[in-house]
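Chains, contacts and geometry: an overview
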Amino acid sequence: MEQAYDVVIIGGGIGGGALATVLARAGKSTLVLEKSTVYRDRVRGEWMAPWGVAEARRLGLYDALIAAGGHHLTTHRTYGDHIEPAEAEAAQLDMSALVADVAGPLCLGHPKHCETLEQTARAAGATVLRGAGVPEITLGRAPSVRYEHEGAAHVARARIVVGADGRGSMVRQAAGIALHRNPTHHFMGGMLIEGAHGWDDRLQAIASEGEGHYLAFPQGGGRIRLYLGFPKDDPSRYAGAGGPRAFLDAFHIASLPGSEHIANATPAGPCSAYPNEDAWTDEPCADGAVLVGDSAGWNDPIIGQGLSITYRDVRLVGEIMLACDDWSPAAFAPYGVERAERMRRLRFSAALQSAIENEFGEEARARRRRVHERRRADPTFILPALATMVGPDAVPALAFEETLRERLLA
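Quick summary incoming for the structure in this document. The residue numbers shown here count from 1 along each chain, following its written sequence. Note on the predicted model: pLDDT of at least 70 is required for a residue's local features to be given, and 80 or more for side-chain atom pairs to be given and counted; whole-chain, interface and lining totals, by contrast, use all residues. The side-chain values count all of the structure's non-hydrogen atoms but skip hydrogen atoms and water molecules.

As for the sheet that holds strand E22 (residues 297–298)
Under the convention used in this document: At least two bridges found by DSSP between two strands are what make those strands a pair. The numbering of helices and of strands both runs from the N terminus, where a helix is a DSSP run of H or I of at least 4 residues and a strand a run of E of at least 2.
Here three strands make up an open sheet; going across it, the order is E12-E19-E22 and the pairing antiparallel. Strands at the two margins of the open sheet, each flanked by one partner only, are strand E12 (180–181) and E22. Bridge count for strand E19 (residues 279–280) against E22 is two bridges, and the pairing is antiparallel. When the sheet's bridge partners are listed, Ala-279 is paired in E22 with Trp-298.

Here's what the structure looks like:
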């Protein structure tokens, strides 16, 4: 069975669902092939920075995310064993004032987020097939995808194939696009909890204490997505049947007021850990293909930029595809140039954050105190962190120069 489309998108997650909606709304015949039949908790991808929220709004998707339960956070506090809690609270950040018309970061469970975008894509007229296996992708001047669905074999021909199929992207492999990677700096575990009703559900907090970097992002209704960074030489620290309980017990920390509400809550999802690293390509397109989201490389999750990166990718790729009929690599070159610099800047911010918050011991603790004092004395030092909220293109280029890093960490 063979059919022709304007676009075939491999992957029906955030990037695939968002781009399918944009293209189908504009009248492009769009097929989305998603291998899973159920969207599962991926233990990340549930916090979107204000600049990413602005991208979702520009794409016309924000209202659907809010209707699905999207929850805004308004206040940020950075605690730790290098600073008194009262001092941390006095320096809190009002995140609702960072980006115009954005109430703050947006939290929404990853399965619900994917389901919502699948629904918007279907409503816009896209064909979305779940449980679709893709044994073969042919690119070049006449792209095609051979896929299997409900026991039948099919061929979809298209003008272009979009890779929105994540870190192990088949489209990227078919296009022969290689990724650069930096070394793993640390591990990070995550888990969703419920019943944490004593915690302010508009407050996100991080804290570094002992050999842990603790992060809490409420989703409303007593549910919080927790993350915990720890040394890479102990990757199985929270593995096994006792992992969830050990993970929660770790949140009994002195430097984070109210942490007992977290530690005494109940697991509401899997507990798993993953290495924190960056991967990227400066050329996210090839003849007959373009990549979005993690397919084109990812940022170290320590600064939570994955969703925002994906929504920016979708907007830029969508604008190019709707602006003209030329979908050649040359047409997508501006996207590649913008994304390369965007990812470079975010790699800088992530590496700096890792050095500050995810290195442990007395020397690291003293460094955190020095960083806090220097940021208070010179707001220029705050710019790399601010970029993760307002967008890497919204702060001066000097924020991503090695000399700034050297001065801050000296």
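Considerations on the sheet that holds strand E3 (residues 47–48)
With antiparallel pairing, three strands are arranged side by side in an open sheet as E3-E7-E4. Of all strands in the sheet, those with a lone pairing partner are E3 and strand E4 (71–72), marking the two edges. Judged from the two bridges that link them, E4 and strand E7 (residues 106–107) form a sheet pairing that is antiparallel. Bridge pairing in E7 links His-72 to Leu-106.

Some details on the side chain of Gln-204
Operational definition: Partly exposed describes any residue whose relative accessible area lies between the buried limit of under 20% and the exposed limit of over 50%, with all areas from a 1.4 Å probe on protein chains only and scaled to the type maximum. Pairs of N or O atoms within 3.5 Å make up the polar contacts considered here, provided that, within protein, one atom can donate a hydrogen while the other can accept it, and that residues adjacent in sequence are counted only when both atoms are side-chain atoms. A contact between two residues is defined here by any heavy atoms of the two lying within 4.5 Å.
Locating Gln-204 in the fold gives a position in strand E14 (residues 203–209). Judged by relative accessible area, Gln-204 falls into the buried class, the value being 2%. Reaching out from Gln-204, the side chain makes a polar contact with the side chain of Trp-47 at a distance of 2.7 Å. Ignoring sequence-local partners within four residues, the contact set of Gln-204 consists of Trp-47, Leu-73, Thr-75, His-76, Arg-77, Met-95, Pro-105, Ala-216, Phe-217, Pro-218 and Met-389.

Points about the packing of aromatic side chains
The test is simple: The criterion for an aromatic pair is that two Phe, Tyr or Trp rings (for Trp, the six-membered ring) have centres within 6.5 Å, with stacked assigned to planes under 30 degrees apart, edge-to-face to planes over 60 apart and tilted to the rest. To sit over a ring, a charge needs its Lys NZ or Arg CZ within 6 Å of the ring centre and within 35 degrees of the ring normal.
All chains considered together, the criterion is met by eight aromatic pairs. A ring pair is formed by Tyr-214 and Phe-251, whose centres lie 5.1 Å apart and whose planes are at 75 degrees; its orientation type is edge-to-face. Pair noted here: Tyr-214 is in strand E15 (residues 212–220) and Phe-251 is in the loop between helix H7 (243–249) and helix H8 (259–263), with a separation of 37 residues, a long-range link. Side by side, Tyr-214 and Phe-251 carry an identical accessibility label, which is buried. Consider the rings of Tyr-238 and Phe-247, whose centres lie 5.5 Å apart with planes at 75 degrees: the pair is edge-to-face. Among the aromatic residues, ring-to-ring pairing joins Phe-187, Tyr-214, Phe-230, Tyr-238, Phe-247 and Phe-251 into one connected group. When the ring centre of Tyr-274 is taken as reference, the NZ or CZ atom of Arg-44 above it lies at 4.3 Å. For Arg-57, the ring lying beneath its charged end belongs to Tyr-62, and the centroid distance is 4.2 Å.

Here's the deal with the nonpolar core
Note the cut-off: For this analysis, a nonpolar core means a set of buried residues of the types Ala, Val, Leu, Ile, Met, Phe, Trp, Tyr and Cys, connected via side-chain atoms within 4.5 Å.
Core analysis: the largest hydrophobic core is formed by 78 residues, its most contacted members being Tyr-311 and Phe-332. In contact with Tyr-311, other than residues within four places in its own chain, are Ile-14, Ala-18, Met-48, Gly-52, Glu-55, Ala-56, Leu-59, Leu-61, Leu-65, His-113 and Leu-117. The next biggest cluster of nonpolar side chains, apart from the first, holds 28 residues, and it includes Ala-88, Phe-230, Leu-256 and Ile-262.

Section: the pattern of salt bridges
Filter applied, for reference: Salt bridges, as used here, are contacts in which a Lys or Arg side-chain nitrogen is within 4 Å of a carboxyl oxygen on Asp or Glu.
Under the counting rule described, the total for this entry stands at 33 salt bridges. The shortest N-O distance in the salt bridge between Asp-81 and Arg-368 comes to 3.9 Å. Here the residue Asp-81 occupies a position in the loop between strand E5 (75–80) and helix H4 (85–90), and Arg-368 occupies one in helix H11 (residues 362–377), the gap between them amounting to 287 residues. You can call Arg-368 buried: its relative accessible area is 2%. By sharing partners, the salt bridges in this structure join Glu-55, Arg-58, Arg-312, Asp-313, Arg-315, Glu-319, Glu-338, Arg-339, Arg-342 and Asp-393 into a single network.

Read these as geometric descriptors, not functional statements.
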